[in-house]
Structure formats: structure tokens, C-alpha cells
Amino acid sequence: MQVPAPFEYERATSVDHAIALMERLGDEARVVAGGHSLIPMMKLRLAMPEYLIDINDLTEELQYIRFTEDEVRIGALTRHQQLLESDELAAVFPIFRDAEKVIADPVVRNRGTLGGSLCQADPSEDLSAVCDALNASCVIRNTGGDRVVEMHDFHRGPYETAVIEGEMLTEVRIPIRPNSSSAYHKVERRAGDWAVASAGAAVTMDGSVIADGRVGLCAVGPNLTNVQPISDALRGQAPSEELYATVGQIAADNANPATDTRGTAAYKTHLAKELTVRSLRKAVERATGQA
Amino acid sequence: MEISMNINGDDVTMEAEPRTLLVHFLRDHLGLTGTHWGCDTSNCGTCVVWVDEEPVKSCTHLAAMAGGHRVKTVEGLETADGLDPVQEGFIQCHGLQCGYCTPGMMMTARALLDKDPDPSEEVIREAISGQICRCTGYSTIIRSIQWAASKERETAVSLEGSPA
Ligand SMILES: Cc1cc2nc3c(=O)[nH]c(=O)nc-3n(C[C@H](O)[C@H](O)[C@H](O)COP(=O)(O)OP(=O)(O)OC[C@H]3O[C@@H](n4cnc5c(N)ncnc54)[C@H](O)[C@@H]3O)c2cc1C
Ligand code: FES
Ligand code: FES
């Protein structure tokens, strides 16, 4: 039987309350959102916080998907299921629905949150690749107020983020750009499993050329949520199968997967290439009204 | 700490450590052993119960987090009118063999039919995709859920058609 080590439990009544608690309790305290990464880690004693601060009551402050003229703002406590079901979100960023359909299973999706996924910073976390492909930024709050961190600065390494002691992730902001679309492809061993490998792509078109393109890889090595050389190779180019093959190769060259029970390094490298091609192709088709 | 919640319509208060998982709170503290405990790793779904009408894996949920909420377990499916149509469906269509996965399957099925009274096979398969059955090969589980769905639709139609 797996049971977490003892801890003290407290429910936050507001974001400010949660931050005050963390400030006071220091690195012995952890926030719990959906708990679907943290509780399994606590059961395995890979995490042994002395205080657990439950933020699940903070739905008014932290659970929303809001659209403004030029960006979407998503609260950190927004659950996978809500991201999956939002038609408005799927219309602007179809990559979210593509990914959410294959993140975990429906019961896990009832609990897991956007904020928890990004803060967990597991290199296999699908939403990290999604948010980075969309060039999102993260709003981090501490007692001094909010600071906004670009996605590529947010992830500092496997299981490491820009959120430091006494801080919380409150919101993710994603810019809305015209003539843009996105897509996500994942290969999993069985329904509900973590990725063998996956890739997400987002493109902005300028007439017949790609003005801006971003690709994020998942489960094929750390810090690949946005592969910068791919963006460089895409800029100003007309989409073609040759171009996709070229950037697919860049994805494969940057991938650094490990052989494990989900597959060999060679297979995952192949997937990094193929899934990059498929996601880019789909994103361009969508952005140009062909899909 | 003192943990209070509403379980299957009854208010319950119980002393338990904050680290108590909901599945153990239900089974060991309250003797509600209908909820099963299987993989202990959030994968098999036999521990599924509802928290505020939503299926969750109770091995990955602290009892403390469920405090103040409504919890429903397989024991709460049956009403004064008899078995829930989902339970009947599992009987009619052999939706179980060893029965290990059954409580979780039925709780997910009930939640699905509350949202979607006429789910396609594909929708049913997706709904139970986070739950593992090592016996039935799933076909009879799907048929059981379809049986419950059609029985409920028939009942709904006959209620509509009955004189006021
Ligand atoms: C069976 C299973 C299968 C899964 N499959 C997949 C999959 O295929 N793909 C995938 O991407 N994920 C998968 N997951 C993970 C799932 O998406 C988790 O829900 C997610 O990783 C964490 O979200 P959470 O809200 O549960 O976070 P929690 O477990 O509550 O927290 C995770 C970490 O983030 C911190 N944290 C949470 N919220 C905040 C915040 N607002 N500010 C600061 N820190 C915070 C916590 O302190 C903790 O360190 C799976 C999980 C399970 C159990
Ligand atoms: S015991 Fe909870 S998912 Fe298996
Ligand atoms: S009936 Fe035996 S595991 Fe499903």
C-alpha cells in the first residue's frame, strides 16, 4: 500500500492566502491542484512536503478561459476536461483539443490542471509542448505582485520552472494572431498512456509563406518544447513537403530520447521527425483553410 | 484532522490523517468496501467514485480534499426504486466476470449516461478508457451500458407518453 508521508493540510481561501502561506512555510510547502502528478509522487515518497496547500477552492480566481481582442487567458486551475470541451478554444487553437483528447484518460482529465501540468515540468507533459508552440507566457504571482515569463524561460529543465519559493502560477496567456493555426500528434502505447513521443506545431501565414512557425516536442528529451532551429528554418518559406521533411530532420537531430519501456531511442527519434511533419502539415492546412 | 463530507446522501464526519487517501477513507474508515482498490497507481480505475457528480480516481485523491463535497460510491447507485439501470445492465449482459473492475466501471457509466443518454459505442469506449478490465474483453461492459441507456430512453418515452 502506497501512502504519502505525513503532512499538514490547509485549504487556501484566496490566491493571496496561498501565497502568504507559502511565503511563511518556505520550501516545506507545496501547492496541490489536481494532484494527479503530486499525489502519485507523494505516494512513492518522491515528494514529501510538510505542508500541502490545497488550491482547489479557488475556482473564481483561477479557473477560466477568457478571450480578449488579441489573447486568450487561461486560469492555472483550469482542468484538462475544460480545455478539451471548450469550442471557443478549439476554434482559435485546435492544438488544445488535439492534445487533450490524448492526454491521460477522461477520469484523470476531470482533475488534472493546466497549471499543474506546466509546473510539474515533466519532459513528457503534453501541455508544455502545446503552450510553447503557441508562444504562451505565464503569469507568476508573489507577495510583490505579478510577473510575466515567456514559456521558453518558464521551463528551466526537467521538473524545474521559473516559479520559485513563495510564488504561484496563476494564468497562461496566449497571443491570438490572424491567419494562424496549430495541430498536435502523439503516439502512445495504449489509450491514456504518456507519449512515446509527440509533436505540436503552430504557424502564422503571410499570404503563401509561413511568417512564423513553432514546433514543440514532448518525451524525446528535456527543453524541446520549442525547437528554435525549426522556427528559423520555417520563417519566410512557402510550405511544401520538402520543407516539412527538412524541419522533420531538424526535430530528429535535436531529439535526445532514452530507450525505455515505451520504445527505443531510434524509434522515438523517428517519431520526432514524422510527428513534426504531420503536425506542421496539419497546422498549415488549417491556417490556409484546407482542413 | 476532522473530515466531513456527504457520502451517498448522508453527512459523515470522521477523524483521519491528512494523508489518508479517499479510497482508504471510504473502505477502511467507513467500511464502504464496494469501492475497490487495485493498481494504486492511478491507472486501473477500479477505485472510481464521484466527487460532486464527477468521476475521479479515489486512490489519487485525498480524503481531506473531498471534505465539504458530495461523494457518491457504488453503494449509492441503488435507490428505493431498486437497482440503477446500469447495475441491471451489468446483470443482463454479463458485464462482469470476477467483478474487480465493476464498481469503477459502473460509476463512470452512470456519469456518462447522465450527460449523454444515447452514447455511441465509440463514446462509451472513450469514457471507460481509463479503466482496466482483465476478464471481459470490454464487449459485454459496453453492451451493459448500452442496455442501460436504451432502458432509460424507453422509460423516458413512456413517462412522456403517460397521461398527466
Ligand atoms: C494515469 C495518468 C496518466 C497521465 N497521462 C498524461 C499524459 O498522457 N500526458 C500528460 O501531459 N500528462 C499526463 N498525466 C499527468 C496529468 O496531466 C496531471 O494532471 C498533470 O501532470 C498535473 O496536473 P495537476 O493539476 O494534477 O497537478 P498537481 O499534481 O496538483 O501538481 C503538480 C506540481 O505542480 C505544482 N503546482 C500545481 N499547480 C500550481 C500552481 N498554480 N502554481 C505553482 N505550482 C503549482 C504542484 O505543487 C506540484 O509540484 C497523467 C497522469 C496520470 C495520473
Ligand atoms: S486503484 Fe485507483 S486507479 Fe487503480
Ligand atoms: S470483470 Fe474481472 S476485471 Fe473486469
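Residues numbered from 1 in each chain as written. Chains lettered and ligands numbered in written order. Predicted model: local features only at pLDDT ≥ 70, side-chain atom pairs only at ≥ 80, totals over all residues. Heavy atoms only, no water.

(A) Quick peek at unusual backbone geometry. Residues and elements named next belong to chain B. One non-glycine residue, Asp 40, adopts positive backbone phi at about 65°. For Asp 40, a relative accessible area of 7% translates into the label buried. Of note in this structure, Ser 42 is not a glycine but carries a positive phi near 70°. Inspection of the secondary structure puts Ser 42 in the loop between α1 (22-29) and β3 (48-51). Residue Ser 42 is classed as buried on the basis of its relative accessible area of 12%. (Buried < 20%, exposed > 50% of the residue type's maximum accessible area, 1.4 Å probe, protein only. Helix = DSSP H or I, 4+ residues; strand = E, 2+ residues; numbered from the N terminus.)

(B) A look at the sheet that holds strand β3 (residues 51-54) of chain A. All names here are of chain A. Spatial strand order, β1-β3-β2: 3 strands in an open sheet with parallel pairing. Here the strands that pair on one side only, and so sit at the sheet edges, are β1 (8-11) and β2 (29-32). Each adjacent strand pair in this sheet contributes to an overall mean axis angle of 25°, direction not counted. Helix-sheet contacts for helix α1 (residues 15-25) involve β1, β2 and β3, and the interaxial angle to β3 is about 170°. (Pairing = 2+ DSSP bridges. Axes fitted to C-alpha atoms, helices over the stretch in contact; angles between N-to-C directions. Contact = heavy atoms within 4.5 Å.)

(C) Layout of the domain arrangement of chain B. All names here are of chain B. Looking at the assigned domains, one finds that chain B contains domain 1 (2-76) and domain 2 (85-159). A separation of 22 Å is found between the C-alpha centroids of domain 1 and domain 2. Contact residues are listed per partner, giving 15 residues for domain 1 and 15 residues for domain 2. Each partner contributes to the roughly 1,100 Å² buried at the junction of domain 1 and domain 2, and carbon and sulfur atoms together form 64% of this total. Linking domain 1 to domain 2 there are 0 salt bridges. The tally of links from domain 1 across to domain 2 stands at 7 residue pairs in polar contact (both at pLDDT 80 or more). Going through the elements one at a time, β3 and β4 (54-57) are the ones with two or more residues in the side of domain 1 that touches domain 2. Among the residues making up the side of domain 1 that touches domain 2, the classes are represented as 6 nonpolar, 7 polar and 2 charged. (Domains from an automatic or database assignment. Buried area = accessible area lost by both parts, 1.4 Å probe. Salt bridge = Lys/Arg side-chain N within 4 Å of Asp/Glu carboxyl O. Polar contact = N/O pair within 3.5 Å; in protein donor to acceptor, adjacent residues only side chain to side chain. Nonpolar A, V, L, I, M, F, W, Y, C, P; charged D, E, K, R; others polar.)

(D) Examining the nonpolar core more closely. A:Phe96, A:Leu118 and A:Phe154 are the most contacted members of the largest nonpolar core, which has 33 residues in total. With 5 residues, helix α9 (residues 126-133) of chain A is the largest single contributor of residues to this core. For this core, the domains that each give at least three residues are domain 2 (66-175) and domain 3 (180-287) of chain A. A:Phe7, A:Met41, B:Leu21 and B:Val51 belong to the second largest nonpolar core, which has 31 residues in total. (Core = buried A, V, L, I, M, F, W, Y, C linked by side-chain atoms within 4.5 Å.)

(E) Here's a closer look at the side chain of A:Ser128. Residues and elements named next belong to chain A. Turning to its location among the elements, Ser 128 is positioned in helix α9. The class of Ser 128 is buried, set by a relative accessible area of 2%. In contact with Ser 128, other than residues within four places in its own chain, are Ser 117, Leu 118, Met 151, His 155 and Thr 225.

(F) Representation of the domain arrangement of chain A. You can read the domains of chain A as domain 1 (8-54), domain 2 (66-175) and domain 3 (180-287). Summarising the inter-unit geometry, the C-alpha centres of domain 1 of chain A and domain 3 of chain A are found 34 Å apart.

(G) Just the environment of B:Leu83, in detail. Residue and element names in this part refer to chain B. Topologically, Leu 83 is positioned in the loop between β5 (70-72) and α3 (85-92). Between the C-alpha atoms of Leu 83 and Arg 70, which are 13 residues apart in sequence, the distance is 21 Å. Each residue touching Leu 83, except ones within four places of it in the same chain, is listed here: Glu 78, Glu 88 and Ile 91.

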